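# Reading the structure
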Amino acid sequence: MTTVDQTYGWGTKANNYEERLGRAGVLRDEITAIGVEGNKVIDTSGDTRNYWFNDGSTDNKILLFQSRYRREISGTITLSPVIKIHDAKTWTVSHTVNQPADWPSIKNVNNAVGVGGYLYAIDFDNAKIAKITMTGSSPYVETAAYTFTNPSYPADKSYGVALSTNAAGTKLYGLFITVDDLWTGPSNYKESTVVELDLVTFTETRRTKRVSTVDYNLNLGRNAFTLEWHGSKLYVCSIGGKQGGGTPNPNSKLDIIDPANTADPTGLAFTTAFTAADLTPILGEGPELRDITFTNDGNAYVLAGYYFANYTTFKGYVLQFPAGNVAPDYLTGSYFFPTSLPNQGSVFAVLANDRNRIWLARGMYIDLCAQDVTSGEALTHIQTKAAYEINGPANTYYLNSVTLYGEDPVTDTAMPLTKSGYQAPAFASTSVRALFEREKLIHEEEQKHQAIRARIVAGKKNTVNNK
């Protein structure tokens, strides 16, 4: 996991967004407690994220991605990111990516998976998927790229959110969102899209379709956060639009894509498992659906929750379902957690490891829980670690990313025992990711400075004219 200095989360760091604001560390499941290996990497940029992947060798790898910015009078300048490949056991750097020359399609990586000797990375800002070789005399060089376009909304902008692969490793699935404008006014999110790529030709074969221009209930959820493969299907959690502040978005839902349904040769068929509103009779409210993960024994865990009106408190649940019946009627337990934050800025995610244990990342804390279905509760809490306990010092408060991995690769046909972690939907507000929201805060602060400068200049002109 990575943490970030609290002031970066506020978007108020005065000058430099390049270095010394982030850290990376490791947590271990020690059965009855959480083991800590803090400060594996220190003095990273304020927006550092980590992703697990396997390069086909005997060791797993960690992709550590550092976004960098520099504030100048003219505005915020985006610098080339720092991308390093670490050995998951020792955390030694095995390769440093030369940017932007080696990964020209990558500006802001949002997810990465390793399949068949290649690393695939999805870029949020560019809505691209890059194919990166991991072997040869020049490893970790981009060899091809796929660019997502949405002809249904040509005037709007799309962003890359998540990646997943099928069990056979022959297909790659990318999740993209489309929105009119995240910078001004109420953002209008359009239907999210999942595309299927053939890994031999690296071309798009199918995608979820916009069924109607009027009836949005027939389409994949808007502002989707999660793309998770389990069994033979893909699970997509979506907020339904802008994240609710005080009132959950009623359009939030969980969609299930069935790639085996080939009735439409160009379309990915899907159904809606349930909406947030379907939870109201059970929970008394319908919290937004944000993330889903699966344990090896077939239980599904859905992360649901929403922010209060001030965006400083998150009210959340982890809901347990049998994997074959992910619907409110089959809810077998719930784990409630309120989270209060001193200010905006946090990561929320739920992940399962090979011991059928659940890791819950929630803002400034990580919980380790065990399944306890006999008592009627979804989870039994084992221990909690705060971000400052993991990486320190005391002013390093926020989780910025989480990934789940084992030190040794293990093959399991039902569920890989070493799973890729979910790059969490972060930050309270209209954003999909922490980076984008921080950019928005920087942008808004810069607009304020520009307005002040404009008034000063106007005042000087008036003074001269009145002389």
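Up top you'll find the structure we're talking about.
Just so it is clear, the structure is predicted and the values come from calculations on it, not from any experiment.

## Quick notes on the overall build of the chain
On a plain count of helices and strands, the chain comes out with four helices and 29 strands. In the chain, buried positions account for 57% of the 467 residues. For the chain, the proportion of contacts with a sequence separation of at least 24, taken over those separated by at least 6, is 54%. For the chain, the computed accessible surface area is about 18100 Å², with 51% contributed by carbon and sulfur atoms.

## Some points on the nonpolar core
If you look at the biggest cluster of nonpolar residues, it comprises 19 residues, and the most contacted ones within it are Y173, L175, V194, L227, L234, V236 and I257. Within the residue set of this core, elements represented by two or more residues are strand 13 (157-165), strand 14 (171-179), strand 17 (224-230) and strand 18 (233-238). A total of four residues in this core trace back to one element, the largest contributor, which is strand 14. The contact partners of V236, leaving out residues within four places of it in the chain, are L175, V194, A224, T226, L227, K253, L254, D255 and I257.

## Quick word on the environment of T48
With respect to the helices and strands, the residue T48 is situated in strand 5 (residues 47-54). Measuring from C-alpha to C-alpha, the distance between T48 and M1 comes to 9.5 Å, with 47 residues separating the pair along the chain. Not counting residues within four places of it along the chain, the set of residues in contact with T48 comprises T2, L64, F65, Q66, N400 and S401. In this structure the side chain of T48 is engaged in a polar contact, spanning 3.0 Å, whose partner is the side chain of T44.

## Topic: the pairing of strand 10 (residues 118-123)
Along any regular strand, the residues point their side chains to alternate faces of the sheet. Counting buried residues in strand 10 gives five out of six residues, a clear majority hidden from the surface. In this antiparallel pair of consecutive strands, strand 9 (residues 109-115) and strand 10, the connection spans two residues, and G116 shows a positive phi of 55°. Two strands pair when backbone bridges link them, and strand 10 and strand 11 (residues 128-133) are joined in this way by six bridges, in the antiparallel orientation. Bridge pairing in strand 11 links L119 to I132. In this structure, the hairpin formed by strand 10 and strand 11 is closed by a connection of four residues, where A127 is found at a positive phi of approximately 55°.

Conventions adopted
Residues numbered from 1 in each chain as written. Predicted model: local features only at pLDDT ≥ 70, side-chain atom pairs only at ≥ 80, totals over all residues. Heavy atoms only, no water. Helix = DSSP H or I, 4+ residues; strand = E, 2+ residues; numbered from the N terminus. Buried < 20%, exposed > 50% of the residue type's maximum accessible area, 1.4 Å probe, protein only. Contact = heavy atoms within 4.5 Å. Areas by Shrake-Rupley, 256 points an atom, 1.4 Å probe, with all protein chains shown as cover. Core = buried A, V, L, I, M, F, W, Y, C linked by side-chain atoms within 4.5 Å. Polar contact = N/O pair within 3.5 Å; in protein donor to acceptor, adjacent residues only side chain to side chain. Pairing = 2+ DSSP bridges.

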